Amino acid sequence: MQNNRDLLWYRCNIKRNSTGSKILESSYVSGFSLLEISKKTKKQYRYTKKIVLELKYSGYLESESKGRYSITQKGRWFVICQRLGLSFLSLCLLAEVYHRVNSNPEFFYQFSSFRQCYETGYDENFTYMAIYRRQNISKSLKHLTSRNLVYALGDFIKMTNTMIEFLKKYHRDLESLFLWCSDMYEKCICNTIENNNFNASGILQGSN
């Protein structure tokens, strides 16, 4: 059975300012060959190839034709995290807020609804289990407010028109992340139900 945290890339990251992060930043706009990226990062070809293959294996890059590589959607989300100084969970929250306020700038996003999505789940003993820890979910909002990406009024989150305009350069990536989050949340719920049904079956069989 797959763990909900695996579905949500729990603690999935690349170190800032590492060769891997520089390769992803360089490839955000267009694809590259190993030779091209080796020259850009000023690293030896063999070392560059090793890092590129690791990034491909982790789903941040993908192969193109004729020995070229391009960044995946997952890789693009990482680059945005790095540029804005955010964790992946913080970017998920930002995508939720942006999606809501972009179509209605007067909209106030309710933070408790975000909490509810990521604090829902049960372990094999049918006891409450959060997908993310409560303190990490709280930190996701603090990351956004400390960088002035949003501001909070109690349980409600608002975004200024200036910030909405600023984030429009990431519109496609934020909208795709919003859809991904919605899909992953549904999978987490189904995964939780499947695990609970599986465990319940085991308990019943053991009692016979």
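Here's a quick rundown of the structure. (Residues numbered from 1 in each chain as written. Predicted model: local features only at pLDDT ≥ 70, side-chain atom pairs only at ≥ 80, totals over all residues. Heavy atoms only, no water.)

Details of the overall build of the protein
Thinking step 1. For the protein, the helix and strand inventory stands at 10 helices and 6 strands.
Thinking step 2. The burial tally for the protein puts 42% of its 208 residues in the buried class.
Thinking step 3. Taking all contacts inside the protein whose residues are at least 6 apart in sequence as the whole, residues at least 24 apart take part in 64%.
Thinking step 4. Counting every atom, the protein has about 11900 Å² of accessible surface; 52% of that belongs to carbon and sulfur. (Helix = DSSP H or I, 4+ residues; strand = E, 2+ residues; numbered from the N terminus. Buried < 20%, exposed > 50% of the residue type's maximum accessible area, 1.4 Å probe, protein only. Contact = heavy atoms within 4.5 Å. Areas by Shrake-Rupley, 256 points an atom, 1.4 Å probe, with all protein chains shown as cover.)

Thoughts on the side chain of serine 90
Thinking step 1. Within the secondary structure, serine 90 sits in helix α6 (residues 88-103).
Thinking step 2. Residue serine 90 is classed as buried on the basis of its relative accessible area of 0%.

A short note on the nonpolar core
Buried together is how nonpolar side chains tend to be arranged in soluble globular proteins.
Thinking step 1. Ranked by size, the top nonpolar core spans 53 residues in total, and within it Leu94 and Met159 carry the most contacts.
Thinking step 2. Among the elements that take part in this core, α6 stands out by supplying 10 residues, more than any other.
Thinking step 3. If we ignore the near neighbours within four places in the chain, the residues touching methionine 159 are Leu94, Val97, Tyr98, Val101, Pro105, Leu149, Val150, Ile164 and Leu167. (Core = buried A, V, L, I, M, F, W, Y, C linked by side-chain atoms within 4.5 Å.)

Thoughts on the pairing of strand β3 (residues 68-71)
Thinking step 1. As paired strands, strand β1 (residues 32-33) and β3 are joined by 2 bridges and run antiparallel to one another. Among the inter-strand pairings, phenylalanine 32 is bridged to a residue of β3, identified as tyrosine 69.
Thinking step 2. As paired strands, strand β2 (residues 61-63) and β3 are joined by 3 bridges and run antiparallel to one another. Bridge assignment links serine 63 to a residue of β3, and that residue is tyrosine 69.
Thinking step 3. What sits between the antiparallel neighbours β2 and β3 is a turn of 4 residues, in which lysine 66 has the positive phi angle 60°. (Pairing = 2+ DSSP bridges.)

A closer look at the packing of helix α7 (residues 111-118) against helix α8 (residues 134-146)
Thinking step 1. At a minimum axis distance of 11 Å, the contact between α7 and α8 shows a crossing angle of 140°. Considering the relative orientation of α7 and α8, their crossing is right-handed. Along the contact surface, α7 presents Phe111, Phe114, Arg115 and Tyr118, while α8 presents Arg134, Ile137, Ser138, Ser140 and Leu141.
Thinking step 2. A breakdown of the residues in the contact of α7 with α8 according to their chemical character gives 5 nonpolar, 2 polar and 2 charged. (Axes fitted to C-alpha atoms, helices over the stretch in contact; angles between N-to-C directions. Left-handed = near helix turned anticlockwise from the far one by under 90°. Nonpolar A, V, L, I, M, F, W, Y, C, P; charged D, E, K, R; others polar.)

Structural notes on the pattern of salt bridges
Thinking step 1. Counted according to the given criterion, the structure contains 6 salt bridges.
Thinking step 2. For glutamate 25, the salt bridge goes to arginine 83, with nearest N and O atoms at 2.6 Å. Highlighted residues: glutamate 25 in helix α2 (residues 19-26) and arginine 83 in helix α5 (residues 73-84), separated in sequence by 58 residues.
Thinking step 3. Judged by relative accessible area, glutamate 25 falls into the partly exposed class, the value being 29%.
Thinking step 4. Its salt-bridge partner being aspartate 173, residue arginine 76 comes within 2.9 Å of it at the nearest N-O pair. Note that arginine 76 is positioned in helix α5 and aspartate 173 in helix α10 (residues 171-207), a separation of 97 residues in sequence. Here the two residues arginine 76 and aspartate 173 agree in accessibility, since each one is buried. (Salt bridge = Lys/Arg side-chain N within 4 Å of Asp/Glu carboxyl O.)

A short note on the sheet that holds strand β5 (residues 151-153)
Sheets are built from strands paired through backbone hydrogen bonds, the pairs being either parallel or antiparallel.
Thinking step 1. Taken in spatial order, the 3 strands make up an open sheet running β4-β6-β5, and their pairing is antiparallel. At either end of the open sheet lies a strand with only one pairing partner, and these are β4 (109-110) and β5.
Thinking step 2. With 2 bridges connecting them, β4 and strand β6 (residues 156-158) associate as antiparallel partners. The residue bridging tyrosine 109 from the neighbouring strand is isoleucine 157, located in β6.

Observations concerning the packing of aromatic side chains
Thinking step 1. What the rule picks out here adds up to 6 aromatic pairs.
Thinking step 2. A centroid spacing of 5.6 Å and a plane angle of 75° characterise the contact between phenylalanine 88 and tryptophan 180, whose relative ring orientation is edge-to-face. Of this pair, phenylalanine 88 sits in helix α6 while tryptophan 180 sits in helix α10, and the two are 92 residues apart along the sequence.
Thinking step 3. Accessibility expressed as a relative area gives 13% for phenylalanine 88, which makes it buried. (Phe/Tyr/Trp six-rings, centres within 6.5 Å; stacked < 30°, edge-to-face > 60°.)

What about the environment of serine 63?
Thinking step 1. Structurally, the position occupied by serine 63 is in strand β2.
Thinking step 2. A relative accessible area of 40% means that serine 63 is categorised as partly exposed.
Thinking step 3. For the pair formed by serine 63 and glycine 31, sequence separation is 32 residues and the distance between their alpha carbons is 9.3 Å.
Thinking step 4. Beyond its immediate chain neighbours, meaning those up to four positions away, serine 63 contacts Lys56, Arg68 and Tyr69.
Thinking step 5. There is a polar contact of 2.7 Å between the side chain of serine 63 and the side chain of lysine 56. (Polar contact = N/O pair within 3.5 Å; in protein donor to acceptor, adjacent residues only side chain to side chain.)

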